[in-house]
Amino acid sequence: MVKNKTKKFLQAVFLICTGGMTYYNFEILFRGFSHISMFLCGGLSFYTIGTLNESPRRHLSFLSQMFLGSLIITAYEFITGVIVNLQLNLNVWDYSRMPYNIKGQICLPFSILWFMLSPICIIVDDYIRYALFGREKPNYSK
C-alpha cells in the first residue's frame, strides 16, 4: 500500500516536472525569458489535464478534455498571476493591454490559445503514462 502511494507520488512528480520544464522552455523560446513560477504553473497544468481521463468511471470526449484543459490552464495562470504579479509585484507578465482580460493576469486570446494547445498535453500525458507507467494504450477513435 505504501509502495503504491510512493509510486503514484513519484509519477505525479515526474509528470509535473515534465510539464513544467516543457512550458518553461517554450516561454524562453518564444519570449526570450521565463520565471520559476511558470515552471510550477505549467507543471501543475500538465498534470491536472492528464488526470481528466484517468478515471475509468469518467469518460470525457477529447473536445471536452480540450475545453477543460483550457479552463485549467487559465485558472492556474490566474492564481499564479495574482500571487506572483499582483501580490509579490514581480511583473512576470501583463495582459492588461489584451482584449477581455481580468486584472491583466488572464485574457480571452490566451485562453483560446490554451484550448488549441491542450491536445498536445492530453496526448503527451497519455503516451507518457502508457510508455513509462504501464497504463492502457491511448485510443482516440472511441
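Sequence order as written defines residue numbering, which begins from 1 separately in each chain. Reporting of local features is limited, given that this is a predicted model, to residues whose pLDDT is at least 70; pairs of side-chain atoms are given and counted only at 80 or more, and all residues count toward the totals for whole chains, interfaces and linings. Excluded from the side-chain calculations are hydrogens and water; all other atoms, namely the structure's heavy atoms, are used.

A. Structural detail: the packing of helix H2 (residues 36-51) against helix H3 (residues 62-87). Here the axes come from fitting lines to C-alpha atoms, over the contacting stretch only for helices, and the angles between their N-to-C directions go from 0 to 180 degrees. Numbering goes from the N terminus for both helices and strands, where a helix is a DSSP run of H or I of at least four residues and a strand is a run of E of at least two. Where H2 meets H3, the axes come as close as 9 Å, and the angle between the chain directions of the two elements is 155 degrees. The angle between H2 and H3 places the two elements in the roughly antiparallel class. Seen from above, H2 lies across H3 with right-handed handedness. Here Ser-37, Met-38, Cys-41, Leu-44, Ser-45, Thr-48 and Ile-49 of H2 come into contact with H3, specifically with Gly-69, Ile-72, Ile-73, Tyr-76, Glu-77, Thr-80 and Val-84. Partitioned by chemical class, the residues of the contact of H2 with H3 number 8 nonpolar, 5 polar and 1 charged. Throughout, the term roughly parallel applies to angles under 35 degrees, roughly antiparallel to angles over 145, roughly perpendicular to angles from 65 to 115, and oblique to all others. The handedness criterion is simple: a crossing whose near helix is rotated anticlockwise from the far helix by less than a right angle is left-handed, and one whose near helix is rotated clockwise is right-handed. Note on contacts: a residue pair qualifies if any of its non-hydrogen atoms lie within 4.5 Å across the two residues. Gly is put with the polar residues, along with every residue not named as nonpolar or charged; the nonpolar set is Ala, Val, Leu, Ile, Met, Phe, Trp, Tyr, Cys and Pro, and the charged set is Asp, Glu, Lys and Arg.

B. Examining the side chain of Arg-129 more closely. Looking at the secondary structure, you find Arg-129 in helix H4 (residues 108-133). For Arg-129, a relative accessible area of 5% puts it in the buried group. Beyond its immediate chain neighbours, meaning those up to four positions away, Arg-129 contacts Leu-15, Tyr-47, Gly-50, Thr-51, Glu-54, Gly-134 and Arg-135. Burial status follows relative accessibility: with a 1.4 Å probe on protein chains alone, a residue under 20% of its type maximum counts as buried, one over 50% as exposed, and anything between as partly exposed.

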